[in-house]
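Fold and geometry: a report
Residue strings, one per chain:
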Amino acid sequence: MSWLNSAHLALLERYLDVTTMRQTLVTTNIANIDTPGYHTRDVDFRGELRRAMDGEARGGTSPFVMPVRGLVERPDGNNVSPDREAMLLAEVQLQFKAATAVIRAEFAQLSTAIREGQ
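Residues numbered from 1 in each chain as written. Predicted model: local features only at pLDDT ≥ 70, side-chain atom pairs only at ≥ 80, totals over all residues. Heavy atoms only, no water.

A few words now on the pattern of salt bridges. In total, this model carries seven salt bridges according to the counting rule given. For Asp42, the salt bridge goes to Arg84, with nearest N and O atoms at 3.0 Å. Within this pair, whereas Asp42 is found in strand 1 (residues 41-43), its partner Arg84 is found in helix 3 (residues 82-116), the two being separated by 42 residues in sequence. Here Asp42 falls in the buried class, since its relative accessible area comes to 5%. By relative accessible area, which is 18% here, Arg84 ends up buried. Residue Glu48 is joined to Arg51 by a salt bridge in which the shortest nitrogen-to-oxygen separation is 2.6 Å. In this pair, Glu48 and Arg51 both sit in helix 2 (residues 45-53), three residues apart, roughly one turn of the helix. Accessibility classification places Glu48 together with Arg51 in one group, the buried group. In this structure, a network of salt bridges that share partners links the residues Arg22, Asp42, Arg84, Glu85 and Glu91. (Salt bridge = Lys/Arg side-chain N within 4 Å of Asp/Glu carboxyl O. Helix = DSSP H or I, 4+ residues; strand = E, 2+ residues; numbered from the N terminus. Buried < 20%, exposed > 50% of the residue type's maximum accessible area, 1.4 Å probe, protein only.)

Another point: a nonpolar patch on the surface. Taken together, the side chains of Phe107, Leu110 and Ile114 define a hydrophobic patch exposed on the protein surface, amounting to about 250 Å² of accessible area. You can see Ile114 is positioned in helix 3. Its relative accessible area of 51% is what places Ile114 among the exposed residues. (Patch = residues over 30% accessible without salt bridge, like charges linked within 9 Å, V, L, I, M, F, W, Y side chains within 5 Å. Areas by Shrake-Rupley, 256 points an atom, 1.4 Å probe, with all protein chains shown as cover.)

This part is about the packing of helix 1 (residues 7-31) against helix 3. Where helix 1 meets helix 3, the closest approach of the two axes is 9 Å, and the angle between their N-to-C directions is 155 degrees. Regarding the angle of helix 1 to helix 3, the classification is roughly antiparallel. For the element pair helix 1 and helix 3, the recorded crossing hand is left-handed. Here the contact of helix 1 with helix 3 is built from residues that sort into 12 nonpolar, nine polar and four charged. (Axes fitted to C-alpha atoms, helices over the stretch in contact; angles between N-to-C directions. Parallel < 35°, antiparallel > 145°, perpendicular 65-115°, else oblique. Left-handed = near helix turned anticlockwise from the far one by under 90°. Nonpolar A, V, L, I, M, F, W, Y, C, P; charged D, E, K, R; others polar.)

The next thing to look at is helix 3. An ideal rise of 1.5 Å per residue puts 51 Å on 35 residues; helix 3 measures up with 51 Å between its terminal C-alpha atoms. For helix 3, the full list of buried residues reads Arg84, Glu85, Leu88, Leu89, Val92, Gln95, Ala99 and Ile103. On the buried face of helix 3, the contacting elements are helix 1, strand 1 and helix 2. (Expected span 1.5 Å × (residues − 1). Contact = heavy atoms within 4.5 Å.)

Now for the environment of Ala99. In this structure, Ala99 sits in helix 3. Sequence spacing of Ala99 and Glu13 is 86 residues, and the spatial spacing of their C-alpha atoms is 8.8 Å. Among all residues touching Ala99, those that are not within four sequence positions of it are Tyr15 and Leu16.

Let us now look at the confidence of the model for the protein chain. Any region with low pLDDT has predicted coordinates that should not be read closely. Confidence in the prediction of the protein chain, expressed as mean pLDDT, is 87, and 90% of residues score 70 or more. Per-element confidence in the protein chain is highest for strand 1, whose mean pLDDT is 94, and lowest for helix 2, whose mean pLDDT is 81. (pLDDT = per-residue confidence, 0-100.)

Below you can see the structure in the form of structure tokens.
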């Protein structure tokens, strides 16, 4: 089996899908920081990766989006925390960069093998 068709690549693909979805949710939360009644949403990042490793998330299944419990709600009903969202945005960016670095390194190795095999 080639690396390109491996479970390893599928897991990295799912990892990138979940980080992208989470970044979208975080930026949506930030965009709605002044929207009365808006409630923060997120995905269970570790749970989604577990689903991917267990093979449950094949075929483009979307991550489970859920409201975030335990946040302080303002009088207008909005519970978006700018500090929480800024921290999550930085975390998601680091996760995405790490995954793309792994993929880039794997493809560089593959490219080297092809070049040396000529």
